[in-house]
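Coordinate analysis (summary)
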Amino acid sequence: MSKNPFDLGGMANQTKGMKAAQAVGQVALTSAQEIAQLNQRAAQELSSRMQAKVAELMKTQDPKAVFDYVHAEVLQDAAKEVAEYQSKLFQALASGNKELSKIAEAMIKESQHDLIHFVNEATQNSPAGAEPYTSIFKASFNSALENFELIRAAMTGSFSSLEKNMTSMNQSSAGQKTGSALKPQK
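Observations regarding the overall build of the chain
Looking only at helices and strands, one finds three helices and zero strands in the chain. Scanning the chain from its N terminus toward the C terminus, one meets helices and strands in the order α-α-α. Across the 186 residues of the chain, 19% fall into the buried class. Contacts spanning at least 24 positions in sequence make up 82% of the contacts within the chain whose residues lie at least 6 apart. Split by element, the accessible area of the chain, about 13,300 Å² in all, is 61% carbon and sulfur.

A few points about the side chain of Ser31
Note on placement: Ser31 falls in helix α1 (residues 8-59). For Ser31, a relative accessible area of 14% corresponds to the buried category. In contact with Ser31, not counting residues within four places along its chain, are Ala92 and Gly96.

What to know about the pattern of salt bridges
All chains considered together, the criterion is met by two salt bridges. We note a salt bridge from Glu45 to Arg49, for which the minimum N-O separation is 3.9 Å. Taken together, the residues Glu45 and Arg49, both in helix α1 and four residues apart, mark about one turn of the helix. Owing to a relative accessible area of 35%, Arg49 belongs among the partly exposed residues under this scheme.

A closer look at the layout of surface pockets
The calculated volume of the second largest pocket comes to roughly 260 Å³. Forming the walls of the second largest pocket are 13 residues, and the residues nearest its centre are Ala42, Glu45, Arg49, Glu81 and Tyr85. Contributing elements (two or more residues each) for the lining of the second largest pocket: α1 and α2 (63-124). Tallying contributions element by element places α1 first for the lining of the second largest pocket, with seven residues. When the residues that make up the lining of the second largest pocket are grouped by side-chain class, the tally is seven nonpolar, no polar and six charged.

Some thoughts on the environment of Glu99
Residue placement: Glu99 occurs in helix α2. Judged by relative accessible area, Glu99 falls into the partly exposed class, the value being 35%. With 76 residues separating them in the primary sequence, Glu99 and Ala23 have C-alpha atoms 9.0 Å apart.

Some details on the environment of Ser111
Positionally, Ser111 belongs in helix α2. Given the relative accessible area of 29%, Ser111 is considered partly exposed. A sequence separation of 34 residues divides Ser111 from Leu145, and the C-alpha atoms of the two residues are 9.5 Å apart.

With respect to α2
Since there are 3.6 residues in each turn of an α-helix, residues three or four apart along the chain are aligned in direction. Compared with an ideal rise of 1.5 Å per residue, which puts 62 residues at 92 Å, α2 spans 89 Å between its outermost C-alpha atoms and is within 8% of the ideal. Its maximal kink placed at Val70, α2 deviates by approximately 35°.

Some remarks on the confidence of the model for the chain
Per-chain confidence: the chain averages 76 in pLDDT, with 86% of residues scoring 70 or above. When the elements of the chain are averaged for pLDDT, helix α3 (residues 131-182) gives the smallest value, 75, and α1 the largest, 80.

Parameters and conventions
Residues numbered from 1 in each chain as written. Predicted model: local features only at pLDDT ≥ 70, side-chain atom pairs only at ≥ 80, totals over all residues. Heavy atoms only, no water. Helix = DSSP H or I, 4+ residues; strand = E, 2+ residues; numbered from the N terminus. Buried < 20%, exposed > 50% of the residue type's maximum accessible area, 1.4 Å probe, protein only. Contact = heavy atoms within 4.5 Å. Areas by Shrake-Rupley, 256 points an atom, 1.4 Å probe, with all protein chains shown as cover. Salt bridge = Lys/Arg side-chain N within 4 Å of Asp/Glu carboxyl O. 1 Å grid on protein atoms, 1.4 Å probe; cavity = no way out; pocket = protein on both sides within 12 Å on 5 of 7 lines; lining within 4 Å. Points joined across faces, edges and corners; volume = space filled by probe spheres on them. Nonpolar A, V, L, I, M, F, W, Y, C, P; charged D, E, K, R; others polar. Expected span 1.5 Å × (residues − 1). Bend = angle between axes of the 7 residues up to and from the residue. pLDDT = per-residue confidence, 0-100.

Now the structure itself:
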């Protein structure tokens with residue numbers, strides 16, 4: 001416990017935490033805005049295409065021709081649009097994921113640095129005869145550093161796994177998009 005009630009180190013740590021929270025919030029906001037724009041564009045494009053398709057259908061008198069048209073054009077176009085939308089959405093999510101990973105990595109490194117500084121300061125100022133206690137303290141500290149490394153490794157693995165899954169899903173939707181484009185239309 002610090003003797004000074006206005007511990008500047010504590011205030012600096014709070015400031016770091018606030019900045020990290022702001023950075024995470026900014027990444028989330030940017031991703032949400034990008035996704036909202038994707039949704040708005042997709043809705044506008046869908047609306048205009050649907051109006052055009054309905055106008056074409058209204059001109060057709062033959063029910064079989066309407067069915068063939070809906071099957072051949074409308075459904076395939078809708079499948080392509082969904083695949084394109086998914087691809088854009090995955091790209092937006094992957095970008096946000098990378099930013100969050102960078103922020104988390106920086107926070108972990110700062111915490112490790114702060115802990116090392118704290119232990120060095122605490123052991124340098126220990127009274128004579130406290131060597132066994134400082135030894136235990138340093139062993140606990142080394143254990144904490146190992147835990148930080150485990151957390152960092154788990155976090156990195158989690159982010160890379162999420163990115164691989166999004167890439168796989170994006171490739172799958174791209175395959176669907178090209179697959180539906182290759183089907184013969186009547």
